[in-house]
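Residues per chain, in single letters:
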Amino acid sequence: MSLSRRRFLAYGGVFGAGLTLPAPLDVAATPDPLQSPPKSDGVADIYHRVLHLHTRWVEQQWDPGIGAYSPADFRFAAVLGNAVLLTDRDYDPALAGVAKNTLLARTVATIARFAGTNRLAGGDEWGKQLFWDSTFELYFVLAARLLWRELDARTRTRVAAIASGQAAYAFGLAYSDDPMSGEWSPNGAAGGWRGDTKLEEMGVYAQAIAPGLAWGKDDAALRERFSFWAANASGLPTADRANLARLDGLLVKERSRAHNIHDTFVVENHETVNPHYQAELWRTAGRAAIHFLAAGKPVPEVLLHQPNGQQLWRTLRLLASDAGEPVMPMIADRYHLYGRDVLPLAYLAQVIGDQDAARAEADLAARLVPYLRHEPEYRLAKFSGEDKYEPEARAELAIAYLFHRRRRTPTRPVSSAEFFARASGTRDFGPDVGLTAHQSVSAFAATVTKQGYVNLLWQPRHDNWLVDTRAAAFVPASARNPDETWTRAYDRLRDGVDATAAVLTFGDNFAGYATLPTGTVVYASTGIGTDEGPLSLFNLDMPGMPGLTGRRTFTSSTGTLTLDGSGGGGGDGGVDELRFEPRNARYVRMQGREAANQYGYSLWTFSVLDEAGADIAQGALPAASSSDVTYPAYNATDGNPETRWAVDRTQRHRQDSWFAVDLGSPVSVAGVRLFWESAYATKYVIQTSMDAIGWSDAVVVPQSHEISGGWVDIDGRAALVTHGTDRPITVTSTGVIAATGPASPVLIEGYARDGLDLPALSRRRIPRTPPPLRASDADGYLSLFNLSHDPVRGATVIIPSTRRLYQGLQTVRRDGLAWSVTQPAATGRVEPPRFVVSGHPPIGTRFEVVNSHRVTVTAPPSSPVAVTLMSGAWSTPVRLAAGQARTVIVPGGPITPTSDLARSRTTFPTSPLPVGMNSPSFAVDANPLTSWRPGPTGRMVVDLGAVSTVSSLRLSWTKGSRPPIRIERSTDGVSYPAVARVRRPGRLTEIPLDTSARYLAVVVDGWRRGDAELIEFAAFG
């Protein structure tokens, strides 16, 4: 229904804010001066250098026909980077490749032209549409404001009209979708979270308002609308409705309406987990905040304290790599997109002041110059993404630099070791999400069970340029869609170990995967493929980028083998330059054999090289097995590095697609250079022909080498050890296959640490298991898998060492410990050692471990026992006569595994916290030295993760007065009926219950400073 302005205004106040038009901008306003950063800010120095170098790409976009930078893909938005450089004290024309006066003249001319063509200023070329015009307007307006004194009055008026007009347009939409943006919508105020988040869309609504609000007169209705969209971008109703914190004068509970994130604090986009879109929370906030800073106005509270922001950042740290950007566990087209990853980190670090973000920002910044220098040179968004990402990346790098200029004293980053120690943990994000992740101090690992993306990820040492996590890992690519999946995440506070376990079922075959707190991973299978344990490796030559030297070195029992990118190199995306013995040919083609992802094949450039290395295919006649109508074959030989060929969308599933060129007549060819888009081939062959009928292989990519001995070290960065198989290990310049040959059961251990005796690890006795169990004792942890459709009850596993004790019953034998095991069908487990034994227990000694604090030792009927039991720093001698038994109990500390349903669970309020309250998580962290301070609002909620039967609660308090408390329960996180009241709580309060709940709330009525705080909230079934 169309609305008149009068009727439209009558609908005001639906969400507590009247609909009045925003005040006009002050055209004469100019920003506060932005100072240059101090010389000690190394990250800002890198940004400064990269902006200069990237200006060379900008100058390639100059269009003399229109007297401005190109409008294609919003490339004219590069003016923001220009404006930042031009207002800096240290402009370097030699580094930028253009004189300052020339750059200034072109920048001003571009601003003048596109200010006039914007729809909000009377033009008809661009603007007004929220997606994606308003984003580029935001960059454009900021550039103009930085160069305000250089602009003529007419241009200033137009720029002001753009800012105020866009804010008015977004405001006028109320809580409706933008009719100009098609499918890009926030679903009104409801949002969306399953499959496709609306976090980004709501952030765009807020950022569209920001320039008008920052540069104009303060308008209460406009500010409220801005705050609404910014607060709801990260909306999670179960968390927000429990949050009584105030943001910009209104309670989170009252402002929040949307549901945009999963309750495991992860974001989905394009139907999968996509950290790039999760980072939009701080990308859109950064774009908005810079306008307030530049205009000399306070940054709105909602940008500094985003609802659930800390929890979402915790998720990104759980997925972090050593290069500042997170792993992309399912989608490949946002990987290594460095220029687009800068702004969220810079915002978190330099505006919010987060030291972990400062570490990630510094790590990413340190890689920017090598990245920029790599082919195609002077690009900030290469390898993946859309063409419009390049001007976006420049603009956002410029904003990141401005944050440093404003802050003056940069946020101090934590060390890398501290970063990963703080980031460590595990999380099962739920079956709908299909991701179980594990971050440790030594590696990242994860199990992806989402159909179409199934993978067993491993990133040893967090090196995101070693193992290519976009390709199939461990489980063969031929078996990536299991019939059933099972996963579990272990938590140190609940289970005594951070670890994960998974089992995938493929008909009558199975694969198991375990990740350990040491960074080690264990893979076991019944033999589901001829190539098992595959790891795809990057092998680019990128000088200055750690680990990318164009070669990989493999060490095994047969010696050392170094493979480089020439000859049979390639297969890892980017640029493959392959040389071969000169041969005569008229036709040269790339014949695909295996694609890296679901997008098939796409090439920016296909070059054929003569003996001197010159490209003789440029302008030659191309042909392909198929072509997308938008990306025809001639794009790969037209000499333009910014156009590309791609297979037809309907042919993306084909592994045998090909691309060829006709050189016109027989000539001598000696190599090819392929510049891949993110849809690249991991396996292919370069072939030549004289008649396009008979083809001969020139290079097979990649070339393989078999090694034996059961172990291989990969470049000194990681190692694989195999057990129970004679299948050889195969290595190429871009990959490792741990077991090659006829399918048979295999056990593979992946190590991510230095100083290991790999030959000894490969020769050692591992736990002996009856079929269908498989087990490893890597690093002292028992990884056990039942690879069958039937449960196993009371089976005996022989552990070769008597030194470590695990939960359950184990008896000493001549060959180790006999451990009694019951394991459900198609499941796995990781058992940490609960006790360590020093001494030599005689054969027949029994150890029954109940938990981390309790073990019963029984001596055999005919022999005494004299051993020492240890658990951490605690130890005690155990002396028993023959046949005698003794129960040993470790004093103090939390018991694991725990029966407490609340321990280490998610708590509400999340972030931000109400005034006077500290984190409710302190009440469920099993630490007697921490406690929850209720504050004046006095309410916390524990999410048990699933509806559970609760029979009792235990509350432990610090000293001080204890006000009355109320216990509430909920199954949906919305309705919370009271189930118990305690008028005079004791220091230790036991509360009997008989209820079922997913959420349990503790309400403290009338808490005042100095009253008791809650040390422990425990719930029992």
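Just so we're clear, the structure is a prediction, and the values are computed from it rather than from any experiment.

Peer 1: Could you clarify how one ought to interpret the overall build of the chain in this entry?
Peer 2: A tally of regular secondary structure across the chain gives 22 helices and 49 strands. Compactness check: the chain gives a C-alpha radius of gyration of 31 Å against a globular reference of 31 Å for 1021 residues, within 12% of the reference. Each principal axis of the C-alpha atoms in the chain carries an extent, and together these give about 100 × 85 × 55 Å. At a minimum sequence separation of 6, the contacts of the chain that also span at least 24 residues come to 69%. On the chain, roughly 36300 Å² of surface is accessible, and the fraction owed to carbon and sulfur atoms is 49%.

Peer 1: Sorry if this is basic, but what is going on with the sheet that holds strand β37 (residues 828–831) here?
Peer 2: In a beta sheet, neighbouring strands are held together by backbone hydrogen bonds and run either parallel or antiparallel to one another. A sheet is described by the order of its strands in space; here 3 strands give the open sequence β31-β32-β37, paired in antiparallel fashion. Of all strands in the sheet, those bounded by a partner on one side alone are β31 (773–776) and β37. Pairwise comparison of adjacent strand axes, ignoring direction, gives a mean angle of 15° for this sheet. As paired elements, strand β32 (residues 782–786) and β37 share 4 bridges and run antiparallel to each other. Each bridged residue has a counterpart across the sheet, and for L784 the counterpart in β37 is R829.

Peer 1: Looking at this structure, how should I read the sheet that holds strand β27 (residues 718–723)?
Peer 2: In space, the 9 strands of this open sheet follow the order β11-β12-β13-β14-β30-β27-β26-β16-β17, with antiparallel pairing throughout. The sheet terminates laterally at β11 (484–490) and β17 (559–564), the two strands that pair on one side only. Across the sheet, the mean angle separating the axes of adjacent strands is 15° when strand polarity is ignored. Judged from the 7 bridges that link them, strand β12 (residues 499–506) and strand β13 (residues 509–515) form a sheet pairing that is antiparallel. Bridge pairing in β13 places L504 opposite A511.

Peer 1: When you look at empty space enclosed by the protein in this model, what are you seeing that I'm missing?
Peer 2: A water-sized probe, rolled over the atoms, reveals where empty space remains. Summed over the entire model, instances satisfying the criterion amount to 8 cavities of 30 Å³ or more. Counted as a void, the largest cavity has a volume near 160 Å³. In terms of lining residues, the largest cavity is bounded by 20 residues, among which L316, G324, E325, P326 and L345 are the most central. Counting residues per element, the ones that place at least two in the lining of the largest cavity are α12 (275–278), α13 (280–294), α15 (309–318) and α16 (338–352).

Peer 1: Explain the packing of aromatic side chains here, please?
Peer 2: For any two aromatic rings, the description comes down to two numbers: the centre-to-centre distance and the angle of the planes. With the rule as written, the count across this model stands at 34 aromatic pairs. With centroids separated by 5.0 Å and ring planes inclined at 70°, the aromatic side chains of W132 and W184 adopt a geometry described as edge-to-face. Here the residue W132 occupies a position in the loop between α5 (100–117) and α6 (133–146), and W184 occupies one in the loop between α7 (153–172) and α8 (199–215), the gap between them amounting to 52 residues. Residue W132 is classed as buried on the basis of its relative accessible area of 15%. Centre to centre, the rings of F606 and F659 are 5.2 Å apart; their planes meet at 50°, and the pair counts as tilted. On the criterion of sequence distance, the pair formed by F606 in strand β19 (residues 602–609) and F659 in strand β22 (residues 658–676) is long-range, its members being 53 residues apart. In this pair, the class of F606 matches that of F659, namely buried.

Peer 1: I'm lost on the pattern of salt bridges in this one. Help?
Peer 2: Think of it this way: side chains of opposite charge can pair up when their charged atoms draw near. Under the definition given, this model contains 50 salt bridges. When the shortest N-O distance is used, the salt bridge between E418 and R422 registers 3.9 Å. With E418 and R422 both in helix α20 (residues 416–423) and 4 residues apart, this pair spans about one turn of that helix. Classification of E418 by relative accessible area gives partly exposed; the value is 35%. On the basis of relative accessibility, which here comes to 42%, the residue R422 falls in the partly exposed class. For R939, the salt bridge goes to E968, with nearest N and O atoms at 2.9 Å. Within this pair, whereas R939 is found in strand β45 (residues 939–957), its partner E968 is found in strand β46 (residues 965–970), the two being separated by 29 residues in sequence. Shared partners join several salt bridges into a network, and the residues in it are E280, R283, R287, R340, K388, E392 and E396.

Peer 1: Explain unusual backbone geometry to me, please; I cannot follow it from the model alone.
Peer 2: With the exception of glycine, the majority of residues adopt a negative phi angle, and the majority of peptide bonds are in the trans configuration. A cis amide bond links E375 to the next residue, P376, at an omega of -5°. You can see P376 is positioned in the loop between α18 (368–373) and α19 (389–407). In this structure, P912 follows S911 across a cis peptide bond, with omega equal to 0°. Structurally, P912 is set in the loop between β44 (906–908) and β45. Of note in the backbone geometry, H336 takes a positive phi value of approximately 55° without being a glycine.

Peer 1: Teacher, can you tell me more about the packing of α6 against α7 here?
Peer 2: When two helices pack together, their arrangement is given by the angle between the helix axes and by the axis-to-axis distance. For the pair α6 and α7, the least separation of the axes is 10 Å and the interaxial angle reads 140°. Relative to α7, the element α6 is oriented oblique. Two packed elements cross with a definite hand, and for α6 against α7 that hand is left-handed. From α6, S134, E137, F140, V141, A144 and R145 reach across to α7, where they touch V159, A160, I162, A163 and Q166. Grouping the amino acids of the contact of α6 with α7 by side-chain chemistry returns 7 nonpolar, 2 polar and 2 charged.

Peer 1: Just to check I follow, could you spell out the layout of surface pockets for this structure?
Peer 2: By volume, the second largest pocket amounts to about 990 Å³. Lining the second largest pocket are 44 residues, with A472, A477, E594, A595 and T682 positioned closest to its centre. Listing elements by their share of the lining of the second largest pocket, those giving two or more residues are β15 (531–536), β18 (575–595), β23 (681–689), β28 (729–732) and β29 (735–740). Of the residues in the lining of the second largest pocket, the class split is 18 nonpolar, 20 polar and 6 charged.

Peer 1: When you look at the packing of α7 against α8 in this model, what are you seeing that I'm missing?
Peer 2: At a closest axis distance of 7 Å, the pairing of α7 and α8 adopts a crossing angle of 140°. Relative to α8, α7 is oriented oblique. Crossing of α7 over α8 shows left-handed handedness. Contacts between α7 and α8 involve A163, Q166, A167 and A170 from the first element and Y205, A208, I209, P211 and G212 from the second.

Peer 1: Where do I start with helix α17 (residues 355–365) in this structure?
Peer 2: Judged by how many residues are buried, α17 sits mostly within the fold: 10 of 11 residues are covered. Along α17, the residues that are buried comprise D356, A357, A358, R359, A360, E361, A362, D363, L364 and A365. If you follow the buried residues of α17, they end up packed against α2 (42–60), α15, α16, α18, α19 and α20. Two or three places before D356, at the start of α17, stands the capping residue D354, its side-chain oxygen 2.9 Å from that residue's backbone nitrogen.

Peer 1: How should the side chain of H52 be read in this particular structure?
Peer 2: When you line up the elements, H52 lands in helix α2. When its relative accessible area of 0% is taken as the criterion, H52 is described as buried. Side-chain polar atoms of H52 contact the backbone nitrogen of D92, separated by 2.8 Å. In this structure H52 touches L85, D90, Y91, D92, L95 and A96, once residues within four positions along its chain are discounted.

Peer 1: Got a minute to help me understand the pairing of strand β42 (residues 874–880) in this structure?
Peer 2: Two elements, strand β41 (residues 865–871) and β42, share 7 bridges in a ladder whose sense is antiparallel. Its bridge partner lying in β42, A866 is registered against R879.

Peer 1: What's the story with the confidence of the model for the chain in this structure? I'm lost.
Peer 2: Detailed reading of predicted coordinates is not advised where the pLDDT is low. In this model, the chain carries an average pLDDT of 93, and 96% of its residues clear a pLDDT of 70 or more. Contacts from residues 1–33, a stretch scored under 50 in pLDDT, to residues over four places away or in other chains number 71 contacts.

Peer 1: For this particular structure, what's the right way to read the environment of R774?
Peer 2: Its location among the elements puts R774 in strand β31. Sequence separation between R774 and P745 is 29 residues; the distance between their C-alpha atoms is 9.5 Å. What R774 contacts, discounting residues up to four positions off in sequence, is A524, S525, H723, P745, V746, L747, T769, S783, L784, F785 and L787.

About the criteria used
- Residues numbered from 1 in each chain as written.
- Predicted model: local features only at pLDDT ≥ 70, side-chain atom pairs only at ≥ 80, totals over all residues.
- Heavy atoms only, no water.
- Helix = DSSP H or I, 4+ residues; strand = E, 2+ residues; numbered from the N terminus.
- Rg over C-alpha atoms; globule rule 2.2 N^0.38 Å.
- Contact = heavy atoms within 4.5 Å.
- Areas by Shrake-Rupley, 256 points an atom, 1.4 Å probe, with all protein chains shown as cover.
- Pairing = 2+ DSSP bridges.
- Axes fitted to C-alpha atoms, helices over the stretch in contact; angles between N-to-C directions.
- 1 Å grid on protein atoms, 1.4 Å probe; cavity = no way out; pocket = protein on both sides within 12 Å on 5 of 7 lines; lining within 4 Å.
- Points joined across faces, edges and corners; volume = space filled by probe spheres on them.
- Phe/Tyr/Trp six-rings, centres within 6.5 Å; stacked < 30°, edge-to-face > 60°.
- Buried < 20%, exposed > 50% of the residue type's maximum accessible area, 1.4 Å probe, protein only.
- Salt bridge = Lys/Arg side-chain N within 4 Å of Asp/Glu carboxyl O.
- Parallel < 35°, antiparallel > 145°, perpendicular 65-115°, else oblique.
- Left-handed = near helix turned anticlockwise from the far one by under 90°.
- Nonpolar A, V, L, I, M, F, W, Y, C, P; charged D, E, K, R; others polar.
- Polar contact = N/O pair within 3.5 Å; in protein donor to acceptor, adjacent residues only side chain to side chain.
- pLDDT = per-residue confidence, 0-100.

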